[in-house]
Amino acid sequence: AQSVAQPEDQVNVAEGNPLTVKCTYSVSGNPYLFWYVQYPNRGLQFLLKYITGDNLVKGSYGFEAEFNKSQTSFHLKKPSALVSDSALYFCAVRPFSGTYKYIFGTGTRLKVLA
Amino acid sequence: EPEVTQTPSHQVTQMGQEVILRCVPISNHLYFYWYRQILGQKVEFLVSFYNNEISEKSEIFDDQFSVERPDGSNFTLKIRSTKLEDSAMYFCASSNPALSGGRTDTQYFGPGTRLTVL
């Protein structure tokens, strides 16, 4: 079955430190990969996506993500966390073949401590 | 920047009643979607809609649910005879693959409608 895993329910990091939010996926073929962020009482905001090409993709607000095909991972990173980055982060996969639907992970709550 | 909007932000209904959740997708988008998120759980795909018909639906999207694009701007999700387990946040999304060079689309999500069934 196709699935996305975010193994950490919550990640705590000190402001100014680098952050990583993990995502692994299990789909056949070459999927498209996305990260979204959800602030309280807001919808899902697009951060970045990987389609093909460079394994490191850069997105909004200084975030980047590294695609690793052998490990089927797409971890979200930021070199220096801000308190305002505190939110719920979702990894999503669109399987390459024949569908536009996204499969989401369970979400990781990021807490950046001042 | 254009946004997907949804109304109402919160809907409370009695079990067995019908509800209509409304969405206004981004104006030049062609694909429309509904997802739901039960409290504390992951976001789940319900249905996609293109060219005035359902293009894909999940096993969740049974005869209780229907979607419609009644005019050129709105996209609605109707839930007939609501059940307690329909309580969730419902997200509308839209996309236009042509804007990404046809390779893939980025779905843009609205703020959601929280549905509470009592």
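This report concerns the structure included in the present document. Given the structure is predicted, the values throughout are model-derived calculations rather than measurements.

A word on unusual backbone geometry
In step 1: Following B:Thr7, the chain continues to B:Pro8 via a peptide bond in cis, the omega torsion being -10°.
In step 2: Within the element layout of this structure, B:Pro8 appears in the loop between strand 1 (5–7) and strand 2 (10–13).
In step 3: Positive phi outside glycine occurs at A:Thr72, with the angle close to 45°.
In step 4: Looking at where A:Thr72 falls in the secondary structure, it is placed in the loop between strand 8 (64–68) and strand 9 (73–78).

Observations regarding the pairing of strand 12 (residues 108–113) of chain A
Residues and elements named next belong to chain A.
In step 1: Only one face of strand 12 is covered, namely the face carrying Thr-108, Leu-110 and Val-112; the face carrying Arg-109, Lys-111 and Leu-113 is uncovered.
In step 2: Pairing of strand 2 (residues 10–14) with strand 12, which is carried by five bridges, proceeds in the parallel orientation. Residue pairing for strand 12: Ala-14 is matched across the bridge by Leu-113.

So, the interface of chain A and chain B
In step 1: Facing 20 residues of chain A, the contacting portion of chain B comprises 20 residues.
In step 2: For the pairing of chain A and chain B, the buried interface totals around 1900 Å² over both sides, and the portion due to carbon and sulfur atoms is 56%.
In step 3: Taken together, chain A and chain B are joined by zero salt bridges.
In step 4: Across the contact surface, chain A and chain B share six residue pairs in polar contact (both at pLDDT 80 or more).
In step 5: In terms of residues, the side of chain A that touches chain B owes the most to one element, strand 5 (residues 32–38) of chain A, which gives four residues.
In step 6: Looking at the side of chain A that touches chain B residue by residue, the classes come out as ten nonpolar, six polar and four charged.

Regarding the environment of A:Cys23
All names here are of chain A.
In step 1: With respect to the helices, strands and loops of the structure, Cys-23 is situated in the loop between strand 3 (19–21) and strand 4 (24–26).
In step 2: Here the alpha-carbon distance between Cys-23 and Ala-65, two residues 42 residues apart in the chain, equals 9.9 Å.
In step 3: Those residues in contact with Cys-23 that lie beyond four places of it in its chain are Val-4, Ala-5, Trp-35, Thr-72, Ser-73, Phe-74, His-75 and Cys-91.

Re the environment of B:Thr106
In step 1: Tracing the backbone shows B:Thr106 in the loop between strand 9 (88–95) and strand 10 (108–109).
In step 2: Each C-alpha atom of the pair B:Thr106 and B:Lys78 lies 25 Å from the other, and the pair is 28 residues apart in sequence.
In step 3: Looking at B:Thr106, its side chain comes within polar contact range of the side chain of A:Lys49, at 2.8 Å.

Focus: the nonpolar core
In step 1: In this structure, A:Trp35, A:Leu47, A:Leu48, A:Phe74, A:Leu76 and A:Tyr89 are the most contacted members of the largest nonpolar core, which totals 28 residues.
In step 2: Among the elements of the structure, strand 2, strand 3, strand 5, strand 6 (44–50), strand 8, strand 9, strand 10 (87–94) and strand 12 of chain A are those that each provide at least two residues to this core.
In step 3: Residues B:Ile60, B:Phe65, B:Tyr90 and B:Leu115 belong to the second largest nonpolar core, which totals 22 residues.

Points about the packing of aromatic side chains
In step 1: Counted by the stated rule, this structure contains 24 aromatic pairs over all chains.
In step 2: A centroid spacing of 6.4 Å and a plane angle of 15° characterise the contact between A:Tyr25 and A:Phe67, whose relative ring orientation is stacked. Linking A:Tyr25 in strand 4 with A:Phe67 in strand 8, this pair joins segments that are 42 residues apart in sequence.
In step 3: A:Tyr25 gets classed as buried once you look at its relative accessible area, which sits at 7%.
In step 4: With a centroid separation of 5.9 Å and 80° between ring planes, the pair formed by A:Phe104 and B:Phe109 is classed as edge-to-face. In this pair, A:Phe104 sits in strand 11 (residues 103–104) while B:Phe109 sits in strand 10, so the two residues belong to two different chains.
In step 5: In this structure A:Phe104 comes out as buried when scored by relative accessible area, which is 1%.
In step 6: You can call B:Phe109 buried: its relative accessible area is 8%.
In step 7: Members of the aromatic cluster, connected to one another through ring pairs, are A:Phe34, A:Tyr36, A:Phe46, A:Phe90, A:Tyr102, A:Phe104, B:Tyr33, B:Tyr35, B:Phe45, B:Tyr108 and B:Phe109.
In step 8: The positively charged end of A:Arg94 is found above the aromatic ring belonging to A:Tyr100, 4.2 Å away from the centroid.

What counts and what doesn't
- Residues numbered from 1 in each chain as written.
- Chains lettered and ligands numbered in written order.
- Predicted model: local features only at pLDDT ≥ 70, side-chain atom pairs only at ≥ 80, totals over all residues.
- Heavy atoms only, no water.
- Helix = DSSP H or I, 4+ residues; strand = E, 2+ residues; numbered from the N terminus.
- Buried < 20%, exposed > 50% of the residue type's maximum accessible area, 1.4 Å probe, protein only.
- Pairing = 2+ DSSP bridges.
- Contact = heavy atoms within 4.5 Å.
- Buried area = accessible area lost by both parts, 1.4 Å probe.
- Salt bridge = Lys/Arg side-chain N within 4 Å of Asp/Glu carboxyl O.
- Polar contact = N/O pair within 3.5 Å; in protein donor to acceptor, adjacent residues only side chain to side chain.
- Nonpolar A, V, L, I, M, F, W, Y, C, P; charged D, E, K, R; others polar.
- Core = buried A, V, L, I, M, F, W, Y, C linked by side-chain atoms within 4.5 Å.
- Phe/Tyr/Trp six-rings, centres within 6.5 Å; stacked < 30°, edge-to-face > 60°.
- Lys NZ or Arg CZ within 6 Å of the ring centre and 35° of its normal.

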